[in-house]
Amino acid sequence: MEPEPLTGDQDMAIRSLAVGSRAWRPLAGLLVAVALAGCFGPVTGSPTGGPTPAPTPTASPTPIPGFRVTGSMTDARDDATATLLADGRVLIAGPAFSSAFPRPTLAAAELYDPKTGIFDPTDPTAVVPGGHTATLLSDGRVLIAGGDGDLTQNSGGPLASAELWDPKTGKFAPTGSMITSRDGHTATLLSDGRVLIAGGIVRPPWEPIDVRTVLASAEVYQPPPRLTGRLGGPSWTEPAPRA
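Analysis parameters
Residues numbered from 1 in each chain as written. Predicted model: local features only at pLDDT ≥ 70, side-chain atom pairs only at ≥ 80, totals over all residues. Heavy atoms only, no water. Helix = DSSP H or I, 4+ residues; strand = E, 2+ residues; numbered from the N terminus. Buried < 20%, exposed > 50% of the residue type's maximum accessible area, 1.4 Å probe, protein only. Contact = heavy atoms within 4.5 Å. Areas by Shrake-Rupley, 256 points an atom, 1.4 Å probe, with all protein chains shown as cover. Pairing = 2+ DSSP bridges. Axes fitted to C-alpha atoms, helices over the stretch in contact; angles between N-to-C directions. Phe/Tyr/Trp six-rings, centres within 6.5 Å; stacked < 30°, edge-to-face > 60°. Core = buried A, V, L, I, M, F, W, Y, C linked by side-chain atoms within 4.5 Å.

### Considering the overall build of the protein chain
Item 1. Across its full length, the protein chain holds 1 helix and 16 strands.
Item 2. Each of the 243 residues in the protein chain was classed as buried or not, and the buried ones make up 30%.
Item 3. The contacts of the protein chain with a sequence gap of at least 6 include a subset with a gap of at least 24, amounting to 43%.
Item 4. As presented, the protein chain carries roughly 15,900 Å² of accessible surface, and 62% of it is formed by carbon and sulfur atoms.

Following this line, the structure appears as structure tokens:
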């Protein structure tokens, strides 16, 4: 039996339903995509659909423990000091030997640059101490204090002299004298910027090392301001006695 032909109203209704279904298809696909994004997060470039992993940082090479040869000092030295500066360089100060005299006679100082492994001369000290102290101050200057003047040609015995080395100028300058001549003492930077000098030995000039007196005394150094002009010099004071 053949189907009965559709009436005009029936044909119009079928055509409207087909057009409506085609219009809803893009919207349905969009709804599905939104639902999936809410469940699994935004789609990235990862082949698996998950988040792209962060790149692995390149690890720095681990230093190998042990000693390695570096550059040589410009002068041979004995009983010198090495002070680490704020910029990473090292100030070497102390008695240097000359080829013409078997004892240290050069008031030379030098700087070591760890980036290049090279030593370069800097301004010489005023004296040639050994057994002195070298203290890095809060403002970056270095205090050289005391030492054994017996290492020089023109003096003998412990010294009371002191000098300041300034990294901005690369020069040494006198900074008064200690109250007591000292050799082999200690120097400690205090939290307020002063330096405590303690102990050491004292002996008459040119006397043997066993003719000496071990010191129990101490003194405090107040650095001068790091400004131009005479705004007050350094001061050396003895700590107040205990009550």
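### Topic: the sheet that holds strand β15 (residues 218-222)
Item 1. On the basis of which strands lie adjacent, the open sheet formed by 4 strands has the order β11-β12-β15-β16 and antiparallel pairing. Only two strands of the sheet have a single neighbouring strand rather than two, namely β11 (186-189) and β16 (235-237). Neighbour-to-neighbour, the strand axes of the sheet open up by a mean angle of 20 degrees, direction not taken into account.
Item 2. Bridge count between strand β12 (residues 195-198) and β15: 4 bridges; the pairing is antiparallel. For Leu196, the partnering residue across the bridge sits in β15 and is Val220.

### A short note on unusual backbone geometry
Item 1. Positive phi values are uncommon outside glycine, yet Asp79 reaches one of about 65 degrees.
Item 2. Mapped onto the secondary structure, Asp79 falls in the loop between α1 (8-40) and β1 (81-84).

### Details of the packing of aromatic side chains
Within a pair of aromatic rings, the relevant descriptors are the distance that separates the centres and the angle that separates the planes.
Item 1. In the structure shown here, the tally under the stated rule is 2 aromatic pairs.
Item 2. Ring centres 4.6 Å apart and planes at 40 degrees place the aromatic pair Tyr112 and Phe119 in the tilted group. As far as the burial class goes, Tyr112 and Phe119 line up, both buried.
Item 3. Aromatic pair Trp165 and Phe172: ring centres 6.5 Å apart, planes at 50 degrees, arrangement tilted.
Item 4. A relative accessible area of 0% places Trp165 in the buried class.
Item 5. By relative accessible area, which is 11% here, Phe172 ends up buried.

### Quick notes on the nonpolar core
Item 1. With 11 residues, the main nonpolar core is built from Leu137, Leu143, Ala145, Ala160, Ala162, Leu164, Met178, Val195, Ile197, Tyr221 and Trp236.
Item 2. Going through the elements one at a time, β8 (142-145), β9 (159-166) and β12 are the ones with two or more residues in this core.
Item 3. A per-element tally of this core places β9 first, with 3 residues.
Item 4. Excluding residues that lie within four positions of it along the chain, Trp236 makes contacts with Leu143, Ala145, Ala162, Thr175, Gly176, Ser177, Met178, Ile179, Ile197, Glu219, Val220 and Tyr221.
Item 5. Membership of the second largest hydrophobic core comes to 9 residues, among which are Leu111, Val142, Trp165 and Phe172.

### Side note on the sheet that holds β8
Item 1. A sheet is described by the order of its strands in space; here 4 strands give the open sequence β7-β8-β9-β10, paired in antiparallel fashion. The sheet terminates laterally at β7 (133-136) and β10 (171-182), the two strands that pair on one side only. Neighbour-to-neighbour, the strand axes of the sheet open up by a mean angle of 20 degrees, direction not taken into account.
Item 2. One ladder, built from 4 bridges, connects β8 with β9; its direction is antiparallel.

### Looking at the pairing of strand β5 (residues 109-113)
Item 1. By the criterion of burial, β5 is predominantly enclosed, with 4 of the 5 residues buried.
Item 2. Pairing between strand β2 (residues 90-93) and β5: 4 bridges, direction antiparallel. Bridge pairing in β5 links Ala93 to Ala109.

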